[in-house]
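Single-letter residue listing:
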Amino acid sequence: MILRAVTPLSELTTLRLGGPAGAVVDARSEDELLAAVRSQAAPLLLLAGGSNLVVADDGFPGTVVRVLTAGTEERAVDGRVELTVQAGEPWEPFVARCVAEGLAGVECLSGIPGSIGATPIQNVGAYGQEVAETIVSVRVLDRERGAVEELPAAACGFAYRSSAFKRNPGRWVVLAVTFALERRELSGPLTYAELARALGVQPGEGSPLADVREAVLALRRGKGMVLDPGDPDSVSAGSFFTNPILEEDAFAALERRAAGHGHPPRFPEPDGRVKTSAAWLIERAGFHRGYGDPGGIAISAKHTLALTNRGAGTAAELLALAREIAGGVRERFGVSLEPEPTLIGLPWP
């Protein structure tokens, strides 16, 4: 393990926000990661890509463990290819490798920043895919029991942008993730209408993996959702709010309150509830692209769901804007928005 000089966490997050940590430790192997976690009492913050994290301006008083583990194991199982990937490996190069090798199952998740270890925590998803569809198991350290164990996907509690790991912060440390992918030329059925249109296919049809990847990257770039030093809209934590999932009666109430604003998007969920669009609600509550401080914290000029740091912003200002947006949506439509990134030292709401 390497103990680093105390560094502002703004240097380790994609939002470029956050004060200093009490200490920062680099862990470059699974053994180092286990030793770092076991040797530290709470508070402890695990950080890899820093792409789904908002840290307070006061920083984090405890120890930050940077997960920099690397390595991939591959094996054939029941006609599929299983890849066990260390938590510190970056996600986007992993997707690029899978597509290049003709392994289907993660191509719609191209261009997402962050690490392998973060994907099961958030159940990362985009354009009709989520990692829960391909995860076989997650190797974890259970800090309550002090034991390393292999959790099958069924034990991970995956839900929309959530998991048992996210709902029980601090209990598990993700060490590695095993994915099962199929070797084939075409993607699975494309369910996301915008992506299908971009590829010139009908929803439910497949498309060559490389074409899907390039279409997803183009769509994400158009929304400032691919990290790019030349694009100030990419200085964000991705989508700041999750899409609300409502009971049927709550969605009917939303439709009544939305009269005169058009019909809110409706996406039926398997459990009978209805998902709707946070971006649709935000825009119709009066918050437009670019809203905010053009030199500090503002809504992305390309995508209503992203809150960006234009260089002079603070975490407190970002949280204030997020609360303003959520309050406006709640007042206009009676729907509560929830943040997607992990907030450190920043209370919500």
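Residues numbered from 1 in each chain as written. Predicted model: local features only at pLDDT ≥ 70, side-chain atom pairs only at ≥ 80, totals over all residues. Heavy atoms only, no water.

Enquirer: Now, about the overall build of the chain: what can you tell me, with residues and values included?
Expert: Along the chain, the regular secondary structure elements total 9 helices and 20 strands. Taking 349 residues into account, the globule formula puts the C-alpha radius of gyration at 20 Å, and the chain, at 20 Å, falls close to it. In terms of principal-axis extent, the alpha carbons of the chain reach across some 60 × 50 × 40 Å. Across the 349 residues in the chain, those meeting the buried criterion constitute 51%. By sequence separation, contacts in the chain at least 24 residues apart represent 60% of the contacts at least 6 residues apart. Of the roughly 15000 Å² of accessible surface on the chain, 51% is carried by carbon and sulfur atoms. Counting 34 positive and 43 negative side-chain charges, the chain places the centres of these two groups 3 Å from one another. (Helix = DSSP H or I, 4+ residues; strand = E, 2+ residues; numbered from the N terminus. Rg over C-alpha atoms; globule rule 2.2 N^0.38 Å. Buried < 20%, exposed > 50% of the residue type's maximum accessible area, 1.4 Å probe, protein only. Contact = heavy atoms within 4.5 Å. Areas by Shrake-Rupley, 256 points an atom, 1.4 Å probe, with all protein chains shown as cover. Lys, Arg positive; Asp, Glu negative; His and termini not counted. Charge placed at Lys NZ, Arg CZ, Asp CG, Glu CD.)

Enquirer: Break down the sheet that holds strand S15 (residues 245–246) for me, with residues and values.
Expert: As summarised here, the arrangement of the 3 strands in space is S15-S17-S16, forming an open sheet in which the pairing is antiparallel. Of all the strands in the sheet, the pair left with one neighbour each is S15 and strand S16 (267–268). In terms of strand pairing, S15 meets strand S17 (residues 274–275) through 2 bridges, oriented antiparallel. Paired with Ile245 across the two strands is Lys275, which belongs to S17. (Pairing = 2+ DSSP bridges.)

Enquirer: Any details on the pairing of strand S13 (residues 172–183)? Residues and values, ideally.
Expert: When a strand is regular, its side chains alternate between the sheet's two faces. With 10 of 12 residues buried, S13 lies mostly within the body of the structure. Judged from the 6 bridges that link them, strand S7 (residues 80–86) and S13 form a sheet pairing that is antiparallel. Within S13, the residue paired with Val81 across the bridge is Leu181. Where strand S8 (residues 103–104) and S13 come together, 2 bridges link them in antiparallel fashion.

Enquirer: Please set out the environment of Ala320 residue by residue, giving values where relevant.
Expert: You can see Ala320 is positioned in helix H9 (residues 315–333). Taking the relative accessible area as the measure of exposure, Ala320 reaches 44% and is therefore partly exposed. Taking the C-alpha atoms as reference, Ala320 lies 29 Å from His263; in sequence the two are 57 residues apart.

Enquirer: Explain the sheet that holds strand S18 (residues 297–299) to me, and be specific about the residues and the numbers.
Expert: In spatial order, the strands read S14-S19-S18; together these 3 strands make up an open sheet with antiparallel pairing. The strands lining the two open edges of the sheet, one partner per strand, are strand S14 (236–239) and S18. When strand polarity is set aside, the average angle formed by the axes of neighbouring strands in this sheet is 20°. Note: S14 against strand S19 (residues 306–309), 2 bridges, orientation antiparallel. The partner of Ser239 across the bridge, within S19, is Ala306. Strand contacts of H9: S18 and S19, with the helix running at about 35° to S18, the strand carrying the most contacts. (Axes fitted to C-alpha atoms, helices over the stretch in contact; angles between N-to-C directions.)

Enquirer: Would you mind going over a negative patch on the surface in detail, with residue names and values included?
Expert: The grouping of Asp57, Asp58, Asp293 and Glu317 at the surface amounts to a negative patch. In this structure, Asp58 sits in the loop between strand S4 (53–55) and strand S5 (60–67). (Patch = residues over 30% accessible without salt bridge, like charges linked within 9 Å, V, L, I, M, F, W, Y side chains within 5 Å. Salt bridge = Lys/Arg side-chain N within 4 Å of Asp/Glu carboxyl O.)

Enquirer: An account of the side chain of Thr63 is requested, with residue identities and associated values reported.
Expert: Here Thr63 is to be found in strand S5. In terms of polar contacts, Thr63 uses its side chain to reach the side chain of Gln40, at 3.0 Å. What Thr63 contacts, discounting residues up to four positions off in sequence, is Ala23, Val25, Gln40, Pro43, Leu44 and Leu45. (Polar contact = N/O pair within 3.5 Å; in protein donor to acceptor, adjacent residues only side chain to side chain.)

Enquirer: Can you explain unusual backbone geometry? Please cite residues and give values.
Expert: The residue after Trp348, namely Pro349, is reached through a cis peptide bond having omega 0°. In this fold, Pro349 is placed in the segment after strand S20 (342–344). You will see that Arg16, though not glycine, has its phi angle at about 60°, which is positive. In this structure, Arg16 sits in the loop between strand S1 (2–4) and strand S2 (21–27). In this structure, Arg161 is a non-glycine residue whose phi angle is positive, near 50°. Topologically, Arg161 is positioned in the loop between strand S12 (147–152) and helix H4 (164–167). A relative accessible area of 15% means that Arg161 is categorised as buried.

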